[in-house]
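# What the coordinates show
Listed below, chain by chain, are the residues.
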Amino acid sequence: MPIQRGCFITLEGVDGAGKSTHIKWVVEQLQRHGLSVVSTREPGGTALGEQLRQLVLTQPMNLRTETLLMFAGRCEHIETVIKPALAAGSWVVCDRFTDATYAYQGGGRELGFEPISRLEQWVHSDLQPDRTWLFDVPLAVARERLARSRDLDRFEQEGDDFFERTRRAYHDRLLKFPDRLRIVDSTLPIETVRLGLAHQVDELVQSHHAGVGP
Ligand SMILES: Nc1ncnc2c1ncn2[C@@H]1O[C@H](COP(=O)(O)OP(=O)(O)OP(=O)(O)O)[C@@H](O)[C@H]1O
Ligand SMILES: [Mg+2]
């Protein structure tokens, strides 16, 4: 019998929304179902990608350069990590993917969506996440949480307008792909967020086992 391809899950949302807080827990839930799981992130996910991450989070650069570096790292990540893992039957859980480029470079930095759509077509026309959880919080909550957690990178140092444009672009993605993206109200306490996610994990695993896809 051929190996059933794994499921590709991405976690999205503005800085401080709660992606890193929940990813490990999501992976543990999937493993409890007996699944092999690869946990990864963007920018990053490969040795080359982590070096590119360091550059894009710290160095000032032209917006098109920034966008191309995001897709350069993504290409490497897809070809050497994501696709092989999915083909081997593993599930892949990724902290940020192309929706983040639409949100940050397309929305936040106002590049617009069209150039991103062209790069997306070139780099991964044959791959989309099966499920994307969009962790959503308003500006004040994100700022307050980030201030408590760590030093800010190039994106996190941007102003309120940047944040609002980025969040709005994420909401546009939600409207455009309502079957793939699910909003997660991340203003709720961590345990409450997890209860909701647990339902969604169970639903995904069941539909996968039934062979109907998410
Ligand atoms: N539901 C929640 N209630 C209270 N605090 C939370 C909640 N979710 C996350 N936090 C806290 O908010 C901070 C930021 O969360 P986290 O690092 O998970 O965000 P993130 O989405 O990964 O951000 P980034 O994109 O910058 O990596 C952390 O200190 C975390 O403990
Ligand atoms: Mg994080």
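Everything that follows concerns the structure shown earlier in this document.
Every value quoted in this text rests on a predicted model; they were computed, and no experiment measured them.

### Things to note about the packing of helix H6 (residues 139-149) against helix H7 (residues 160-176)
Angle between the axes and distance between the axes: these two values describe a pair of packed helices. Between H6 and H7, the least distance of the axes is 11 Å, while the angle of their chain directions is 115 degrees. Read as a crossing pair, H6 and H7 show a hand that is right-handed. Contact with H6, carried on its side by Leu139, Ala142 and Arg143, involves Asp160, Phe163 and Glu164 of H7 and no other residues of that element. Here the residues of the contact of H6 with H7 sort into three nonpolar, no polar and three charged.

### Some details on the environment of valine 14
Within the fold, valine 14 resides in the loop between strand E1 (8-12) and helix H1 (19-32). Judged by its relative accessible area of 3%, valine 14 falls in the buried class. Taking the C-alpha atoms as reference points, valine 14 and leucine 139, separated by 125 residues in sequence, lie 9.0 Å from one another. Non-local contacts of valine 14, meaning those with residues more than four positions away in its chain, are made with Lys19, Arg96, Tyr104, Phe135, Val137, Phe163, Thr166, Arg167 and Tyr170.

### Topic: the site of ligand 1
Neighbouring ligand 1 are 17 residues; Gly16, Lys19, Thr21, Glu156 and Leu188 lie closest to it. Within the backbone of serine 186, an N or O atom sits 3.4 Å from a nitrogen atom of ligand 1. For ligand 1, the protein covers 81% of the area, taking 640 Å² as the surface of the free molecule. Put simply, the parts of the chain that give the shell around ligand 1 at least two residues each are H1 and H6. Of all the elements, H1 adds the most residues to the shell around ligand 1, at three residues. When the residues that make up the shell around ligand 1 are grouped by side-chain class, the tally is five nonpolar, six polar and six charged.

### Some details on the nonpolar core
Residues Leu30, Val93 and Trp133 are the most contacted members of the largest nonpolar core, which totals 39 residues. Here leucine 30 is in contact with Ile9, Leu35, Val37, Trp91, Val93, Val201 and Val205, once residues within four sequence places are set aside.

Thresholds, definitions, all that
Residues numbered from 1 in each chain as written. Chains lettered and ligands numbered in written order. Predicted model: local features only at pLDDT ≥ 70, side-chain atom pairs only at ≥ 80, totals over all residues. Heavy atoms only, no water. Axes fitted to C-alpha atoms, helices over the stretch in contact; angles between N-to-C directions. Helix = DSSP H or I, 4+ residues; strand = E, 2+ residues; numbered from the N terminus. Left-handed = near helix turned anticlockwise from the far one by under 90°. Contact = heavy atoms within 4.5 Å. Nonpolar A, V, L, I, M, F, W, Y, C, P; charged D, E, K, R; others polar. Buried < 20%, exposed > 50% of the residue type's maximum accessible area, 1.4 Å probe, protein only. Near = heavy atom within 4 Å. Polar contact = N/O pair within 3.5 Å; in protein donor to acceptor, adjacent residues only side chain to side chain. Areas by Shrake-Rupley, 256 points an atom, 1.4 Å probe, with all protein chains shown as cover. Core = buried A, V, L, I, M, F, W, Y, C linked by side-chain atoms within 4.5 Å.

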